[in-house]
Amino acid sequence: MISSQPSLLRSIALQMRVLHALLMREVITRYGRQNLGVLWVFVEPMIFTGGVTALWTAVGMNHGSSIPIVAFAVTGYSSVLLWRNCAGLSIGAIQSNIALLHHRNVRVIDVILVRCVIEIAGVAASFSILSTLFIFLGWMTYPIDPLQVVFGFLMLAWFGTALALTIAAATAFSHVVEKLWAPATYLLFPLAGAAFMADWLPPKFREVVLWLPMVHGVEILREGFFGNVVRTHYDVGYMASICMLLTLFGLYLVREAGLRIEAK
Amino acid sequence: MIAIENLCKTYDTRFGPRTILDNINFRLERGRNIGILGRNGAGKSTLIRMLSGAERPTSGHIIREMSVSWPLAFGGAFHTHLTGLDNLKFVCRVYGVDYKPLIPFVEDFTELGIYFREPVSSYSMGMVTRLAFALSMAIEFDCFLIDEAMVVGDARFHERCHVELFQKRKDRAFILVTHDANVIKLYCESACVLHKGKLVPFASVDEAYDFYQHIDE
């Protein structure tokens, strides 16, 4: 008799196995085997970040600050891609993997999480590669506090994952969510802290913008990168609380979504 | 053992909730089998989705004390960009089985030749079904879920399925749903009829057969 009592260790092992299986499947189906294949995971965000960096440099966007424009664009765009891609790509996660739920080990949460893992890994790789390249070329300086950069990155990744769980699960309740997400990202983007430092804003407006948790993440990351050259405004406690609440809400929605899904 | 206790499944429609499965109970021991007969729309596939775990019951419980397969020969979970081999790897990873020793069996059974390493999008229906069936056989389960409508193919394919499933794995339990009473008579030792949301049990397959013939309306 196989013990039907699931021990925590066995559950973790099972979870890892399923995530690994989904990861391999997702990477091949999304990027294929032709040309760059799996490398697209980070080439795609790299082109995006690199393109914006080039554009901003070309128009010589003057933001009245001592921060080099290249470093500013790289830190800003990587931050945006982190939460935007996690949420954006997880929207279709349930619908396109619904048949997999016939494999009883594969649950709704797995198909969402795996997309987040791919996005986070992709952005992390593109961020590191671009930074290394630009530092090597002398366009960027080495981060003052690499650990804080990592911390800011992880906070944004957490926010992105929590957002992805919530939004992806919400699509199981209403398709309106998918329709609203695209305009929402466009509206959120200019406010999300990629193209400005909170310090440059008028204090009244800054207060409003700092309601957005991702702004705190970008500020943490940039403080790690630039040190005291910039004045930053963030509250780790606030961002962590929002992420925690969103995670719990997302997990709740994912469970509810699992109950109402119709797997044809 | 797998048991269903007081299972109900309701779907929301624009005309209010529709109950497809209404307080269903049954129990299947290791190594035994049962056939479930039902007309089109009786809820057979819904029941299969409950048993496989793809959907959750609205109320009631499913107790699984043996491993239960995904629906036999179910090809809907294939990704068309993946090759046959990729799909084998995926299924093996999900169930924690090494795929390498299984390649010869799957290649032999599916007769896909070079197409085993080509994307599923280039397969014919028959090739997809053969691959799906072979993958079902690649992972060992205590109990197989069989939706007869999914296992379509020519006589030779049926014969080979028969050998794999009912001869080589005759010690396993299975649950077979079909609209075809003769299939149940051929393969099952007990039978139920799914009718108007209720699962009606019978003492023998013959009684189920007779009952089923008279619900034509």
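Here, the structure is the one placed above.
Residues numbered from 1 in each chain as written. Chains lettered and ligands numbered in written order. Predicted model: local features only at pLDDT ≥ 70, side-chain atom pairs only at ≥ 80, totals over all residues. Heavy atoms only, no water.

(A) Geometry of the interface of chain B and chain A. At the interface, 30 residues of chain B touch 26 residues of chain A. When the two sides are added together, the surface that chain B and chain A hide from each other amounts to roughly 2700 Å², 57% of it contributed by carbon and sulfur. On the chain B side of the contact with chain A, B:Arg56, B:Phe90 and B:Arg93 bury the most area, a combined 23% of that side's loss. In this structure, the connection of chain B to chain A is made through zero salt bridges. Counting the contacts that link chain B with chain A gives six residue pairs in polar contact (both at pLDDT 80 or more). Elements supplying a minimum of two residues to the side of chain B that touches chain A: strand 1 (2–13), helix 1 (44–52), strand 5 (68–71) and helix 2 (84–95) of chain B. Here the side of chain B that touches chain A gets seven residues from one element, more than from any other, and that element is helix 2 of chain B. (Contact = heavy atoms within 4.5 Å. Buried area = accessible area lost by both parts, 1.4 Å probe. Salt bridge = Lys/Arg side-chain N within 4 Å of Asp/Glu carboxyl O. Polar contact = N/O pair within 3.5 Å; in protein donor to acceptor, adjacent residues only side chain to side chain. Helix = DSSP H or I, 4+ residues; strand = E, 2+ residues; numbered from the N terminus.)

(B) Quick peek at the packing of helix 5 (residues 108–137) of chain A against helix 10 (residues 236–260) of chain A. Residues and elements named next belong to chain A. With their axes 9 Å apart at the nearest point, helix 5 and helix 10 run at an angle of 130° to one another. Taken together, the axes of helix 5 and helix 10 lie oblique to each other. Of helix 10, the residues touching helix 5 (which contributes Val 108, Ile 109 and Ile 112) are Leu 251, Val 254 and Gly 258. (Axes fitted to C-alpha atoms, helices over the stretch in contact; angles between N-to-C directions. Parallel < 35°, antiparallel > 145°, perpendicular 65-115°, else oblique.)

(C) Spotlight on the packing of helix 3 (residues 69–90) of chain A against helix 9 (residues 213–226) of chain A. All names here are of chain A. At their nearest, the axes of helix 3 and helix 9 sit 10 Å apart, and the two run at 145° to each other. Remark: the crossing between helix 3 and helix 9 carries right-handed chirality. Two secondary-structure elements touch here, helix 3 through Ala 71, Phe 72, Thr 75, Gly 76, Ser 79 and Trp 83 and helix 9 through Met 214, Val 218, Leu 221, Arg 222, Phe 225 and Phe 226. Of the residues belonging to the contact of helix 3 with helix 9, the class tally is eight nonpolar, three polar and one charged. (Left-handed = near helix turned anticlockwise from the far one by under 90°. Nonpolar A, V, L, I, M, F, W, Y, C, P; charged D, E, K, R; others polar.)

(D) Spatial organisation of the sheet that holds strand 7 (residues 173–178) of chain B. Residues and elements named next belong to chain B. Spatial ordering of the open sheet is given by 5-6-7-3-8-9, a layout of six strands whose pairing is mixed. In this open sheet, the two strands that pair with only one neighbour each are strand 5 and strand 9 (198–201). Going from strand to strand, the sheet's axes swing by 20° on average, the running direction of each strand aside. As paired strands, strand 3 (residues 33–38) and strand 8 (residues 191–195) are joined by four bridges and run parallel to one another. Opposite Gly 38, over in strand 8, you have Leu 194 as the bridge partner. (Pairing = 2+ DSSP bridges.)

(E) Representation of a nonpolar patch on the surface. Residues and elements named next belong to chain A. A contiguous nonpolar surface patch, about 480 Å² in accessible area, is contributed by Leu 133, Phe 136, Leu 137 and Trp 139. Its place among the elements puts Phe 136 in helix 5. Classification of Phe 136 by relative accessible area gives exposed; the value is 73%. (Patch = residues over 30% accessible without salt bridge, like charges linked within 9 Å, V, L, I, M, F, W, Y side chains within 5 Å. Areas by Shrake-Rupley, 256 points an atom, 1.4 Å probe, with all protein chains shown as cover. Buried < 20%, exposed > 50% of the residue type's maximum accessible area, 1.4 Å probe, protein only.)

(F) Summary view of helix 2 (residues 40–58) of chain A. Residue and element names in this part refer to chain A. If you check helix 2, its first and last C-alpha atoms are 26 Å apart, about what 19 residues at 1.5 Å a residue would give, namely 27 Å. Within the sequence span of helix 2, burial applies to Val 41, Val 43, Pro 45, Thr 49, Val 52, Thr 53 and Trp 56. Buried residues along helix 2 sit against helix 1 (8–31), helix 3 and helix 5. (Expected span 1.5 Å × (residues − 1).)

Scope: geometric values only; no functional claims are made or implied.
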